[in-house]
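# Geometric and topological summary
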Number of protein chains: 2
Amino acid sequence: MKYPLSFENLINHLKKLPSIGGKSAERLAYHILAMKPEEASEFAQSISTIGSVIHSCKVCNCICEDDLCEICKDLNRDKTLLCVVQSSKDAYVLANVSSFTGYFHVLNGVISIKNGIGPDRLNISSLLERVKQDNVKEVIIATNPNLDGETTALFLAKLLEKQNVSVSRLAYGLPVNGNIDYADEVTLGKALSGRQKI
Amino acid sequence: MKYPLSFENLINHLKKLPSIGGKSAERLAYHILAMKPEEASEFAQSISTIGSVIHSCKVCNCICEDDLCEICKDLNRDKTLLCVVQSSKDAYVLANVSSFTGYFHVLNGVISIKNGIGPDRLNISSLLERVKQDNVKEVIIATNPNLDGETTALFLAKLLEKQNVSVSRLAYGLPVNGNIDYADEVTLGKALSGRQKI
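In short, a report on the structure.

Rules used throughout
- Residues numbered from 1 in each chain as written.
- Chains lettered and ligands numbered in written order.
- Predicted model: local features only at pLDDT ≥ 70, side-chain atom pairs only at ≥ 80, totals over all residues.
- Heavy atoms only, no water.
- Contact = heavy atoms within 4.5 Å.
- Buried area = accessible area lost by both parts, 1.4 Å probe.
- Salt bridge = Lys/Arg side-chain N within 4 Å of Asp/Glu carboxyl O.
- Polar contact = N/O pair within 3.5 Å; in protein donor to acceptor, adjacent residues only side chain to side chain.
- Helix = DSSP H or I, 4+ residues; strand = E, 2+ residues; numbered from the N terminus.
- Pairing = 2+ DSSP bridges.
- Axes fitted to C-alpha atoms, helices over the stretch in contact; angles between N-to-C directions.
- Parallel < 35°, antiparallel > 145°, perpendicular 65-115°, else oblique.
- Left-handed = near helix turned anticlockwise from the far one by under 90°.
- Nonpolar A, V, L, I, M, F, W, Y, C, P; charged D, E, K, R; others polar.

## Description of the interface of chain B and chain A
- With 47 residues of chain B in contact, the opposing surface of chain A contributes 47 residues.
- Around 4,600 Å² of area is buried between chain B and chain A when both sides are counted, 74% of it from carbon and sulfur atoms.
- Applying the counting rule to chain B against chain A returns zero salt bridges.
- Where chain B packs against chain A, one counts six residue pairs in polar contact (both at pLDDT 80 or more).
- For the side of chain B that touches chain A, the secondary structure elements donating two or more residues are α1 (5-15), α2 (22-33), α3 (37-53), β2 (63-64), α4 (70-73) and α5 (88-95) of chain B.
- At twelve residues, α3(B) tops the list of elements feeding residues into the side of chain B that touches chain A.

## Focus: the sheet that holds strand β3 (residues 81-85) of chain A
Residues and elements named next belong to chain A.
- Spatially, β4-β3-β5-β6 is the arrangement adopted by the four strands of the open sheet, whose pairing is parallel. A single partner strand is all that each edge strand has here, and the edge strands are β4 (103-106) and β6 (166-169). Strand-to-strand twist in this sheet, taken as the mean axis angle between neighbours without regard to direction, amounts to 25°.
- Of the strand pairs in this sheet, β3 and β4 are connected by four bridges, and their pairing is parallel. Within β4, the residue paired with V85 across the bridge is V106.

## Concerning the packing of helix α1 (residues 5-15) of chain A against helix α2 (residues 22-33) of chain A
Residue and element names in this part refer to chain A.
- Running from N to C, α1 and α2 point in directions that differ by 125°, and their axes come no closer than 8 Å. Relative to α2, α1 is oriented oblique. The handedness of the crossing between α1 and α2 is right-handed. For the pair α1 and α2, contact is made by F7, L10, I11, L14 and K15 and by G22, A25, E26, L28, A29, Y30, I32 and L33, respectively.
- Partitioning the contact of α1 with α2 into residue classes produces ten nonpolar, one polar and two charged.

Printed below as a string of structure tokens:
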């Protein structure tokens, strides 16, 4: 016996979400079915309108509701320090680190040979222009510590070198509160070679 | 820095779904943000209308779009055999077992001392009436194999005994394709005591 069409339809929509399998989608659908009408309608409203309410910041490409994001609106930050991230999500995470006082630039992806993503698909030209226009002195490249992230970082470093900017990369090492015996060999090697005087 | 209000709002809605934590809700929200407008609107429509489209079957309480569910509409099944389940989900799973030819009755829960759910909150009176009216000969109780499921099964068995119906319970034992060394002691004990001649 199959589920009623409308219910099957809801399950199929939920199954398309990342990391939601068939069984989870079914459980979520039952949960939504049991919601109060006003709650379900508010949830639905939130999904259908999000695409038109949220857009990219005109300067850094981070998601926001206005023309500029909260960070770009803040004129008290250091214009000469720029942190390049691959997604809005990473910008929002790093923005909560109080010691960082610069601005962000969201690439919207990374160069990936495996997935066929070239540098032309990323917000690189706007980055170079921004660096030039704002007299940026240091660019911190904060792409993820994996193959694609590294490739992108090296590619950007080469480009930025020509503009006479100091380019740095987030440090590799042990996560705070981590265990040495849980760390992999590559991380331990990086933590050793990047050791700092105390 | 906080996310834009509309985005935060969507994350909060997603966080209320079962087994979706903060990080997952964030990932889902980004996925929804990246959806095509028509896809997001169909998904939203599916959520907002499901509550009014789906209701309970008038006979067995299973979820359906019409007055009767597919099983109750099927007049070729055995009216004297009734399988009692705790949820619509379980009825849909068991309906796919071709060897079962009877009808279902959905309790919509189980008796639970821990959660303060008494028999008055379950569809028990309609079950007793149905057994009487349809001259049911056997009731298979298919509540989950745990404390609450067992309590409910025993409670129903006591009630149904008075109506002169044969009451049975799904067999306990090893799952097909399972491993004996992964089975717990209680299951193994049940599998031994319920052993069958070959």
